[in-house]
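Commentary on secondary and tertiary structure
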Amino acid sequence: MKRILRFILIASFIFMSLTGCKDKEVLLEPIAESAIAEYLKGRDPILENDDFTGTYTIVSRTCDKKTDDLLVSYSGSSELYDYQARYQVKSTATENGWVIDSFDIVDSDYQIKEIKTSMLMDLLEGLDKNVTSYMGGSYQLISKEVKGDRVKFVVLYTSDDEKYKAQYDGEAIIKDGKLELQKLVINTISDGDSGGDSGG
């Protein structure tokens with residue numbers, strides 16, 4: 001009788017263990033607002049570079065410890081522009097923590113700040129092979145035109161000894177939070193000349 005009872009208890013324990021594991025639910029506390037920045041890192045391509053500083057705010061959420069449905073707003077800025085966005089984030093609780101099932105940018109908007117001469121200088125660095133690392137010189141912004149996300153500019157370079165001058169006619173585009181050079185024509189200038197060789 002004892003053997004039969006022991007067998008029944010062991011069989012019941014094994015059966016309950018197997019069915020329990022199968023139906024076990026993972027329950028987690030809601031994602032803290034302070035952890036949202038790290039949780040969503042790399043999701044918005046605009047914020048992939050480290051030029052932005054800003055804050056995330058939870059606008060609304062529906063969480064039952066098994067799923068977390070979030071509406072999150074972001075407000076931040078880089079040297080180039082101010083940026084605002086809202087995200088719909090749906091997550092599921094797992095043994096390894098919350099896992100994002102879907103991430104959608106609900107809406108986004110940006111306002112371009114002043115495009116400084118130093119930003120254009122960064123785009124030109126290393127492109128003119130006549131300008132060497134030991135050659136001192138200065139850049140002068142001749143003109144700049146901003147239309148939408150495109151920037152057309154003319155910059156004049158003069159070496160310190162004034163033996164080399166060049167004019168750079170360029171076009172750049174604002175993309176994913178960065179200023180990217182699209183086109184560049186380099187005109188070397190001789191004394192008494194308004195233009196010379198071109199390249200780019």
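Please refer to the structure placed before this passage.
Before going into details, it helps to say that this report is about the structure given with it.

Observations concerning the sheet that holds strand 8 (residues 178-189)
- The strand order across the open sheet formed by 4 strands is 5-6-7-8, and the pairing between neighbours is antiparallel. The two strands at the open ends of the sheet, each matched to only one other strand, are strand 5 (137-147) and strand 8. Neighbour-to-neighbour, the strand axes of this sheet turn through a mean angle of 20°, independent of strand direction.
- In this sheet, strand 8 lies alongside strand 7 (residues 165-175) in antiparallel orientation, the contact comprising 11 bridges. Paired with Gly-170 across the bridge in strand 8 is Leu-184.
- In the packing of helix 3 (residues 117-124) onto the sheet, the strands contacted are strand 5, strand 6 (150-159), strand 7 and strand 8, and the crossing angle to strand 8 comes to about 75°.

Some thoughts on the nonpolar core
- In this structure, Leu-40, Tyr-83, Tyr-87 and Leu-179 are the most contacted members of the largest nonpolar core, which totals 40 residues.
- Examining the composition of this core, we find that 6 residues originate from one element, strand 3 (residues 81-94), more than from any other.
- Residues within four places of Tyr-83 in sequence aside, it is in contact with Asp-44, Ile-46, Leu-47, Phe-52, Tyr-74, Ser-75, Gly-76, Ser-108, Asp-109 and Tyr-110.

Quick word on a negative patch on the surface
- Together, Asp-50, Asp-51, Glu-79, Asp-122 and Glu-125 make up a region of like negative charge exposed at the surface.
- You can see Asp-122 is positioned in helix 3.
- On the basis of relative accessibility, which here comes to 56%, the residue Asp-122 falls in the exposed class.

Quick notes on the pattern of salt bridges
- Tallied over the full model, the rule gives 7 salt bridges.
- Here Glu-25 makes a salt bridge to Lys-66, at a shortest N to O gap of 3.5 Å. Of this pair, Glu-25 sits in the loop between helix 1 (2-23) and helix 2 (36-39) while Lys-66 sits in the loop between strand 1 (53-63) and strand 2 (67-77); the two residues are 41 residues apart in sequence, bridging distant segments of the chain.
- By relative accessible area, Lys-66 is classed as partly exposed at 33%.
- The salt bridge involving Arg-61 is made with Asp-68; its shortest N-O contact spans 2.6 Å.

Notes on the side chain of Thr-158
- For Thr-158, the position within the fold is in strand 6.
- For Thr-158, a relative accessible area of 16% puts it in the buried group.
- Apart from the residues lying within four places of it in its own chain, the contact partners of Thr-158 are Gly-137, Ser-138, Tyr-164 and Lys-165.

What to know about the sheet that holds strand 4 (residues 97-112)
- In spatial order, the strands read 1-2-3-4; together these 4 strands make up an open sheet with antiparallel pairing. Both outer strands of the open sheet, strand 1 and strand 4, are each paired with one neighbouring strand and no more. Across this sheet, the average inter-strand angle for adjacent strands is 15°, counted without regard to direction.
- In this structure, strand 2 lies alongside strand 3, joined through 11 bridges in antiparallel fashion.

Criteria and cut-off values
- Residues numbered from 1 in each chain as written.
- Predicted model: local features only at pLDDT ≥ 70, side-chain atom pairs only at ≥ 80, totals over all residues.
- Heavy atoms only, no water.
- Pairing = 2+ DSSP bridges.
- Helix = DSSP H or I, 4+ residues; strand = E, 2+ residues; numbered from the N terminus.
- Axes fitted to C-alpha atoms, helices over the stretch in contact; angles between N-to-C directions.
- Contact = heavy atoms within 4.5 Å.
- Core = buried A, V, L, I, M, F, W, Y, C linked by side-chain atoms within 4.5 Å.
- Buried < 20%, exposed > 50% of the residue type's maximum accessible area, 1.4 Å probe, protein only.
- Patch = residues over 30% accessible without salt bridge, like charges linked within 9 Å, V, L, I, M, F, W, Y side chains within 5 Å.
- Areas by Shrake-Rupley, 256 points an atom, 1.4 Å probe, with all protein chains shown as cover.
- Salt bridge = Lys/Arg side-chain N within 4 Å of Asp/Glu carboxyl O.
- Lys, Arg positive; Asp, Glu negative; His and termini not counted.
- Charge placed at Lys NZ, Arg CZ, Asp CG, Glu CD.

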